[in-house]
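This is what each chain is made of:
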Amino acid sequence: MIHPSQFTAVVLFALFASTVFGITQRETPRRMFRYGVYCFALFVGSAVVLSWVMFLIAR
Amino acid sequence: MRYSQKRMATAATKNSAAPNTKPGFVYLPLIAGWLFPGAGHFLLRKWVRGALLSASIIGMFALGLAMKGKIYTGAQDVLDMLGFVGDLGNGLLFFVSRLLGLGADQVQVTTADYGTKFIVVAGLLNVIAAVDAHNLRTGRKPE
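The following paragraphs examine the structure supplied in this document. Along each chain, numbering runs from 1 in the same order as the chain's sequence is written. Each chain takes a letter, starting from A, and each ligand takes a number, starting from 1, following the order in which they are written. Confidence filtering applies because this is a predicted model: local features only for residues at pLDDT of at least 70, side-chain atom pairs given and counted only at 80 or more, and all residues used for totals across whole chains, interfaces and linings. To get the side-chain values, take all heavy atoms of the structure and skip hydrogens and water.

### Here's the deal with the pattern of salt bridges
Where charged atoms from two side chains of opposite charge approach closely, those side chains can pair. What counts, and what does not: Salt bridges are identified by distance alone: a Lys or Arg side-chain nitrogen within 4 Å of an Asp or Glu carboxyl oxygen. Type-normalised accessible area, obtained with a 1.4 Å probe on protein chains alone, sets the label of each residue: buried when under 20%, exposed when over 50%, and partly exposed for intermediate values.
Per the stated rule, a full pass over the model turns up 3 salt bridges over all chains. Note that E27(A) and R31(A) form a salt bridge whose closest N and O atoms lie 3.6 Å from each other. Classification of E27(A) by relative accessible area gives partly exposed; the value is 30%. Taking the relative accessible area as the measure of exposure, R31(A) reaches 44% and is therefore partly exposed. With a shortest N-O distance of 2.7 Å, D132(B) and K141(B) are connected by a salt bridge. By relative accessible area, which is 4% here, D132(B) ends up buried. Here K141(B) falls in the buried class, since its relative accessible area comes to 8%.

### Examining the environment of I71(B)
Residues and elements named next belong to chain B. Stated formally: Only DSSP runs of H or I reaching four residues or more are called helices, and only runs of E reaching two or more are called strands; each is numbered from the N terminus. By definition, residues are in contact when any of their heavy atoms lie within 4.5 Å.
The residue I71 is located in the loop between α4 (47-66) and α5 (78-88) in this model. Judged by its relative accessible area of 6%, I71 is buried. Along the backbone, I71 and L30 are 41 residues apart, and their C-alpha atoms lie at a distance of 23 Å. Excluding its chain neighbours within four sequence positions, the residues that come into contact with I71 are F61, L65, D87, F94, S97, R98, L102, A104 and I119.

Structure (structure tokens):
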């Protein structure tokens, strides 16, 4: 059994989901790659921002 | 002026999408892609795309199991039903895991909850990948 940290779990989730989104939602390899990177940044970025928001609300 | 030219290019691109002229069963990539992640793209000779999809979906499913995620075996309430439908998207991975008794029966730690979500999302991503293979097969998505 593995116990990843929350951030590791977010990064792994974002990596796999972005790969599938990139391949399935765009037509050319270049656009697939760019869309995959875009989705990855949005996944991880939004998780970090929401984490800080919840941290500040909880204080 | 530039806008109308762009629209014309888009229309031309749409018209150039290959019609469904290939012989064989149209739904084969869809069914194969559902049963085994990436198989639909392999059938269409999209080797790199198929390998990436396969690695992503199987990797996500395996990580979910490694985190002791739960595999839904039935539906007691609406949320369970949604989870069960998501798990079904994994195709053979789901059925083989059920047969082998993999996955946890109860979610007891936080990482197991992550694992459960990984397994459900792997199934949903697999459905997206299978539909993409079907769109490539029918010509709805240009190759």
